[in-house]
Every structure is written in C-alpha cells, then in structure tokens.
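Per-entry structural report
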Amino acid sequence: MKEQILNYLKEHGKSNINDLAASLDMAGAKKFPLLIKEISKMESKRELRFNDDGMLSLRKPQEKKEQITIQGVFRANKAGFGFLFVDDNEEDMFIGRNDVGHAIDGDTVEVVIKKPADRLKGTAAEARVVRIVDHALKTVVGKFILDDEKPKYAGYIKSKNQKIQQKIYIKKEPVVLDGTEIIKVDIDKYPVRGHDYFVGHVRDIVGHQGDVGIDVLEVLESMDIVSEFPEDVLAEANAVPEAPTAKDLIERVDLRKEITFTIDGADAKDLDDAVHIKRLDNGNFELGVHIADVSYYVTEGSALNREAVARGTSVYVTDRVVPMLPERLSNGICSLNPNVDRLTQSAIMEINPKGKVVDYQICQSVINTTYRMTYSDVNAMLDGNQELLDKYEAIVDSVQDMAALHKILEDMRTRRGALNFDTSEAKIIVNDKGMPVDIVVRERGVAERMIESFMLAANECVAEHFSKNDLPFIYRIHEEPKVEKLQKFIDYASVFGVQIQGTASKITQSALQDFMAKIEGQPGSEVLSMMLLRSMQQARYSEHNHGHYGLAAEYYTHFTSPIRRYPDLLVHRMIREYSKGATAEKQDHFATVVPELASSSSQLERRAIDAERVVEAMKKAEYMEEHVGEEFDGVVASVVKFGLFVELPNTIEGLIHVTTLPEFYNYNERTMSLQGEKSGKVFKVGQPIRIKLTRADKETGDIDFEYLPSDYDVIEKVAKSDRKERGRGRRSDKERGKSDDKSGKGSYRGDKSKSGNKRSQSNKGKKDKQPFYKRAAKKSQGSKKSK
C-alpha cells in the first residue's frame, strides 16, 4: 500500500484523500481505515505531508532530513494545547494546539523540537508531536447519549474528562441502551486524520443517571478505581480465619500484657496501628508502635497480593472509601480491635529526652489492645475532662506520657529543620442521597499530631535499620526542591518584604523554617505557606534512599499503614523474610521487584490524589450551586494573568476572571498582582476581598466569583514606567501554561487543601435562613490519612 501511495503521488503531484482512496480501490468501509493508518504512519516518518489546502503530497528531499526526536508523556490542557513531560530533571516542553496531532492526555508520544528553550528569557522549548507511541486511554466512563447521526453506532458518550473533547461512539450492542446509563467502554479506535472521534464497545453499565452516589462512582470508574473485588480475591479473603490460632503465635514476641491501645477517628473501621509507652528508670521512654501484620495473610504470589499491587492504595473520597484490601481483612482480622489477639509487626524504640532513638527492636509480635480510643476523647482527656479521665483511668498515665514524648519528638524534628505545612483541610459532609450539606474544616489536636509523631518515629527507625544493613529496600523519599521553583518562590516572598537566608541553590530547611515563623499570623501567611509547599517536589517511593527533605529525615519509609498502602505491606514482607536470613537469593529477589513496585505505587498514589481532588472540587461546586447570587468575604489565594482565585473560610475557591473586572487590569509578573489601568486598584495574594458567587458548575468543578467594591480595596499610584513592563492581561496558549489547571496543588504525602480568611459576613438581603458563611466555623476530627 505504501508503494502504491508513493507511486500515485509521484505521478499526480498532490491529491486529496478521497481521490487517492478511489484510485487505489481503498474507499470501502473496511479498506479506508487501513489507508488512513498507512498515511498517518508515513506522515510521522516525514515521507509525505498535508499542505495548507488539505492536499496530500510527497515531502521534498530537504524536508526529509533526519530530525532528532524525543519521547515523553503528553499532558493535555483542556484548552487544546499541552506539554511534554520527559522526566523530573527536564523542563516540560510546550506543544501548541496545532502541533498536538491526535495525542490524548497521558499518551506516550514522540516529538521534534520546533524551538529550543531560552533560559535567559525564561521560555520553554516548543515541540510538535510526530508519532503516538502508546495510547494511555484504554477505557472511558461517561453518560450515554442516544444519537442517530451515525447509523452504525448506538450513540455516544461524552467523557467527564474535560481534556477529551471528541465524542466516543458506541458500537451497537445486544443489550439495548435507553440513554439513562452511565457506561464504561473499551476504546477500539482512536481519532486520526479523517475521523475525529473514538469508537468503543460497552464493557460495563456502571449505573444510571439519578442513582445515589453515581456522580462519585463515575469519577472513580473513569480513573479505573473499582470498588468490587474479583471472585478469586474474595475467595482468598473469605478463607482467612476470623482469629489467630496458636500456630500463628509461634516465634512471635508476646506483648499482650502491655497496656496497648488504638487512637483513631470516631468513624474509622480499619484500625491498623496501636501504641504503648513506658517511662524507663534511666529517664528514657519506651515507645511501642504496633502495626497490623497484613503481610502474614497477603502472601507473595496470591490473588490478594496481585489485587493490592494493582490498587496500590485505598482511595478516600467524601462519603466512601475504595479499599486496597477486602473488608474481610481490613475491618476483620487485620483490624486491631480491642480485647482480641491480633498479629502485628512492632517497632519498639527507646527514646531519650532529646528525641533520639538510642535502642530499638523490630519484630513480629502479638498484641491485645485495651481500648479503642478516639482523637476527640484523647484530646478531651488532655484538656482535663474528668469524666473521661475516670472512664479510662487505666491509660491516663500512658496518655500523659505520650503527650510529653510527642512534644519531645516534635521539638527534635523542628531543631533538625522539618517543615510544617499544617494547612487547612476540608471535610465534606453529605446526606444519605450523596448531596453535600456542609463543609467543615478538619481540626488537628494534640492527639492527631501525637499519633503522627509516633508513626514518623517508627517509619524512620525501620528505614534506618535497613539502610545501615545495606539490604534492598523500599524508601519514601522527598528530594530537594528544584532551584528554578525555589528561586521563583524566594523572589515572590521578597515582594511581601520577607527575606529568606541563602540562595535557591544553597538553602537550608532551617532558613525556610525561619521564613514560616516570620509570616505566621501575618496577612497572606497561609497562602505563602501553600506557595512554598507547591515549590517542593512530590514525595515518592524509591529503591534508593535519598532522605526526606520536608521532614529533614536522613532515612524514611512507610511502615505504619499496610491495610491501605502497598509499600507498607511490602516493607512488612521484607522484615519477615530478612528476619529468617538475608540470603543472596532473597536480596536478589527484592532488588529485582522493588523498583517496579516503587514506581507503580507512586503512580497509583498520584491517581488516588487526583481522584480525591476531582471529587472534592465537584462536591464543593455542587454545594455552592444553592448559593449563587450571594455575597461573601474571601481572601485572594493567587493572582494570574487571566484573573484571581479567591478562597472562602470553608476552603472553597473560585475564579474572578480578568474579563469580568470593571476596567482593564495590567498583570505584574514580578509581584504577581493585577492593577487597574485607570483606578490604580490592586489585587495581591493574601488581600481580603468582597465577592459575589455568579456560577457553580458541578460537572466541571468550576466556581466563578464577581468582584464587588468594598472597604478592602487597595489603590496604588500607577507609575508610567511600570506600564511598559507589565503584561497586558492577555495570553497565548504557551503563556497560560499549566495555570488553567485549578487542581495544581503541590505536596508530599498528606496533601492538604488550602485555607483562607476567617472573616465572612451575611448577605443583608437574606432573611429566611442563615447562610452557611454566617455560621461559626465547625470543626471535624483529623482524618485517617493524616497518619
């Protein structure tokens, strides 16, 4: 076919596709797609080209010169352009909407460089997609729409993913669809030149429009986060006994006489960690952190292990959890329920008054917890609630000792330079129909932070043990921030009049600590804290120990949550296997499997975070739909060329687009501010602002505000010299970059939402009911994920 195409174009010079197909007898429904596929392949190899008039012709010899191509992952923007991600050490390349070809978000693509990066001007390299190496999109979930535009198809679905603009046509199925279904389809054909749509077939009917919770389920299914477990996995889980046997206790350290208890949120069901504490005669503390021994039941090579690897982590969204393991395990024999024997792996540490671990034991153990405590009860005990002190008299001393040790550990981490990004996190409360009825800010009291301190200590202890024994292992690493991002943050902080000691290439955690201490309680402090967090790299799993920058820890891993994170389960498995003898065979085995498991676990963690963010944005927008037209006080969370994002006290964030402002506003990139060209009115990060809600779209998660003049407004004199330097508030695809993605929050694990101004006042026109922003801020206990 390739030879026929070449001969035809040599003879005719140029041709449209239809004439070419007719001449080569390739115009039929079966043959035409083959022709299109061959033409696409030849175009990517630069053997032919499409001219501006849409005609096909051979490339001239000088156009065929070998071009260097680069392979990477395409990250699409919903506006049509995108970026090429190569690796963490390379800057992303910009790909304009005319150079995307038919690449879809997540595709592995091959590109050629159109324009190199200019570091002096701060511009990114520009590239053009020449070949799609592999499609990332294999399945799509969406609402089915009946349509007879293309008679050979039953209809189409429009993906919830805003980065997929094309329709996805569905082959006619034996099952009749009536247009109410939410369906999951497997993609059979992708858009190419000649037909700009997908074709797929139904894999599953997820549910129907109007079903309770279908909106959240649609998001989860679209990301391949599936609640149901395969039959062989459930069969293995059901075969696990309800309680340990005497045989299970052989060679385990018996800790059943220790005063051990769990501390979790009131609604937690999978209790995977327990603690005990003693004051020793030498003035040190003995801290025991006991973690459910999930790896004892989830063995390598089992169906349970296969599924846990595929899921990577439990996913927590609003009203539900999609667990990594079946509830038979997570809420049963692997949950450290009170007054029953449970198998655990323990890190028993002797910690001196300076917070240093001077001795430790890592072992398989058996415990029997005394109480199932909640954060709220422990916080109340520490506040002196006599009723609870009497009720839990047996553990009062333990609780007080734990609070004392927590203070020691917290001070120790602060001294060594740990960064505390303790930003506000929202809890969305839904009713039995899945509708959001309130949004409250989670509260982290001493009890929550205390358990976090103990889990951090255990994670560090286990990581240091294996690192110093030079054994293949999986670490949780958080590398130093990239110089470019940190320099941008330092420049921005200086605009607030806060100087940071050191340079972007040589800055210590202590210097960043000092910065955070300086801004504490100041206007815009929480926004600056979030901006610093965004300048950090993402934490990830690795077979190499690079330490944890945010914690200022030389050694770190995840050991404390094997029910909900696969790396923790893997760590437990390695502890067990190495304790039997670290043979060369075992070391070779783990050295082989850990890199791939570390990579997949990191990717699945990011998928879970994305799902949580999408659902949170959707539910926040749904909650705000009832408040359209109401007025609020907020705080400017960020300022970009196309407008400003405003955050409300309940963590909800919305956009004031620059086109809705009452006059033309210039954007100052250095100060990241907008200033009215005539009035001199300025909008800066951290500034209080009065706004009105104009739109809330549950489908997209978008929330739009309108600026309202108020006493908060700041006016500065407009210098003529400044006008030439300022941007005009208009931008191209490339200038917009990734800023259109409202979900671009940075973090290392434990990503939290942003927080805003605590002030708000009611809309005077509302008398029939008290609006949500008038009520006193409610608090919710810390989440399970904080551990």
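Residues numbered from 1 in each chain as written. Predicted model: local features only at pLDDT ≥ 70, side-chain atom pairs only at ≥ 80, totals over all residues. Heavy atoms only, no water.

As for the side chain of Glu 460
- Of note, Glu 460 is situated in helix α11 (residues 446–468).
- Of the residues examined, Glu 460 reaches a relative accessible area of 16% and is grouped as buried.
- Beyond its immediate sequence surroundings of up to four residues, Glu 460 is in contact with Arg 416, Ala 553, Tyr 555 and Tyr 556. (Helix = DSSP H or I, 4+ residues; strand = E, 2+ residues; numbered from the N terminus. Buried < 20%, exposed > 50% of the residue type's maximum accessible area, 1.4 Å probe, protein only. Contact = heavy atoms within 4.5 Å.)

Focus on unusual backbone geometry
- Phi at Asp 25 takes a positive value of approximately 55°, unusual for a residue other than glycine.
- Looking at where Asp 25 falls in the secondary structure, it is placed in the loop between α2 (17–23) and α3 (32–44).
- The backbone phi angle of Thr 651 is positive, close to 80°, even though this residue is not glycine.
- By the element assignment, Thr 651 lies in the loop between β28 (643–647) and β29 (653–657).

Some remarks on the pattern of salt bridges
- This structure, assessed with the given rule, holds 46 salt bridges.
- Across the pair Lys 114 and Asp 99 runs a salt bridge, and its minimum N-O distance is 2.8 Å. You can see Lys 114 sitting in strand β7 (residues 108–115) and its partner Asp 99 sitting in the loop between β6 (93–95) and β7, a full 15 residues away along the chain.
- Looking at Lys 114, the relative accessible area reads 49%, which means it is partly exposed.
- Here Arg 416 makes a salt bridge to Glu 460, at a shortest N to O gap of 2.7 Å. On the criterion of sequence distance, the pair formed by Arg 416 in helix α10 (residues 396–416) and Glu 460 in helix α11 is long-range, its members being 44 residues apart.
- Classification of Arg 416 as partly exposed rests on a relative accessible area of 27%.
- Connected via shared salt-bridge partners are Lys 78, Arg 695, Asp 697, Asp 702 and Asp 704. (Salt bridge = Lys/Arg side-chain N within 4 Å of Asp/Glu carboxyl O.)

Some words on the sheet that holds strand β30 (residues 665–668)
- Read across the sheet, four strands follow the order β30-β31-β32-β35 without closing on themselves; strand pairing throughout is antiparallel. Unpaired on one side and paired on the other, β30 and β35 (714–715) mark the two borders of the sheet.
- Here two bridges tie strand β32 (residues 681–683) to β35, and the two strands are oriented antiparallel to one another. Counted as the bridge partner of Val 682 is Val 714 from β35. (Pairing = 2+ DSSP bridges.)

Some points on a negative patch on the surface
- On the surface, Asp 87, Glu 90, Glu 91 and Glu 484 cluster together to form a negatively charged patch.
- The residue Glu 90 is located in the loop between β5 (82–85) and β6 in this model.
- Owing to a relative accessible area of 45%, Glu 90 belongs among the partly exposed residues under this scheme. (Patch = residues over 30% accessible without salt bridge, like charges linked within 9 Å, V, L, I, M, F, W, Y side chains within 5 Å. Areas by Shrake-Rupley, 256 points an atom, 1.4 Å probe, with all protein chains shown as cover. Lys, Arg positive; Asp, Glu negative; His and termini not counted. Charge placed at Lys NZ, Arg CZ, Asp CG, Glu CD.)

Describing the nonpolar core
- Ranked by internal contacts, the top residues of the largest apolar core, which has 82 residues, are Val 289, Met 349, Met 381, Leu 405 and Phe 454.
- Beyond its immediate chain neighbours, meaning those up to four positions away, Met 381 contacts Met 373, Leu 388, Leu 389, Tyr 392, Ile 395, Val 396 and Val 399.
- Membership of the second largest hydrophobic core comes to 54 residues, among which are Val 498, Met 516, Tyr 549 and Val 636. (Core = buried A, V, L, I, M, F, W, Y, C linked by side-chain atoms within 4.5 Å.)

Re the confidence of the model for the protein chain
- Confidence in the prediction for the protein chain averages 85 pLDDT; 89% of positions are at 70 or higher.
- Within the model, pLDDT remains below 50 along residues 724–780, and this stretch shows 151 contacts once partners closer than five positions in the same chain are excluded. (pLDDT = per-residue confidence, 0-100.)

Concerning the sheet that holds strand β3 (residues 56–58)
- Strand order in the open sheet made by the three strands is β1-β3-β2, with antiparallel pairing throughout. Of all the strands in the sheet, just β1 (14–15) and β2 (48–50) have a single pairing partner and so form its edges.

Concerning the packing of aromatic side chains
- For the coordinates displayed, the defined rule picks out 18 aromatic pairs.
- Taken together, a centroid distance of 5.7 Å and an interplanar angle of 70° make the contact between Phe 83 and Phe 94 edge-to-face. Here Phe 83 is found in strand β5, whereas its partner Phe 94 is found in strand β6, with eleven residues between them in sequence. With respect to burial, Phe 83 and Phe 94 carry one shared label: buried.
- Residues Tyr 190 and Phe 198 carry aromatic rings whose centres are separated by 6.0 Å and whose planes lie at 70° to one another, so their mutual orientation is edge-to-face. Just as Tyr 190 is buried, Phe 198 falls in that class too.
- Ring-pair connections join several aromatic residues into one group, and the members of that group are Phe 466, Phe 473, Tyr 475, Tyr 578 and Phe 590.
- Across from the ring centre of Tyr 169, 5.6 Å away, lies the NZ or CZ of Lys 150, which sits over that ring.
- Positioned above the aromatic ring of Tyr 541 is the side chain of Arg 476, whose terminal nitrogen or guanidinium carbon lies 4.6 Å from the ring centre. (Phe/Tyr/Trp six-rings, centres within 6.5 Å; stacked < 30°, edge-to-face > 60°. Lys NZ or Arg CZ within 6 Å of the ring centre and 35° of its normal.)

Side note on the environment of Tyr 156
- The topology assignment puts Tyr 156 in strand β10 (residues 153–159).
- Excluding its chain neighbours within four sequence positions, the residues that come into contact with Tyr 156 are Lys 143, Phe 144, Ile 145, Asp 147, Lys 167, Ile 168, Tyr 169 and Ile 170.

What to know about the packing of helix α6 (residues 303–311) against helix α15 (residues 566–579)
- In the contact formed by α6 and α15, the axes pass within 9 Å of each other and the chain directions differ by 135°. Compared by their axis directions, α6 and α15 come out oblique. Contacts between α6 and α15 involve Asn 305, Ala 308 and Val 309 from the former and Tyr 566, Leu 569 and Arg 573 from the latter.
- Grouping the amino acids of the contact of α6 with α15 by side-chain chemistry returns four nonpolar, one polar and one charged. (Axes fitted to C-alpha atoms, helices over the stretch in contact; angles between N-to-C directions. Parallel < 35°, antiparallel > 145°, perpendicular 65-115°, else oblique. Nonpolar A, V, L, I, M, F, W, Y, C, P; charged D, E, K, R; others polar.)

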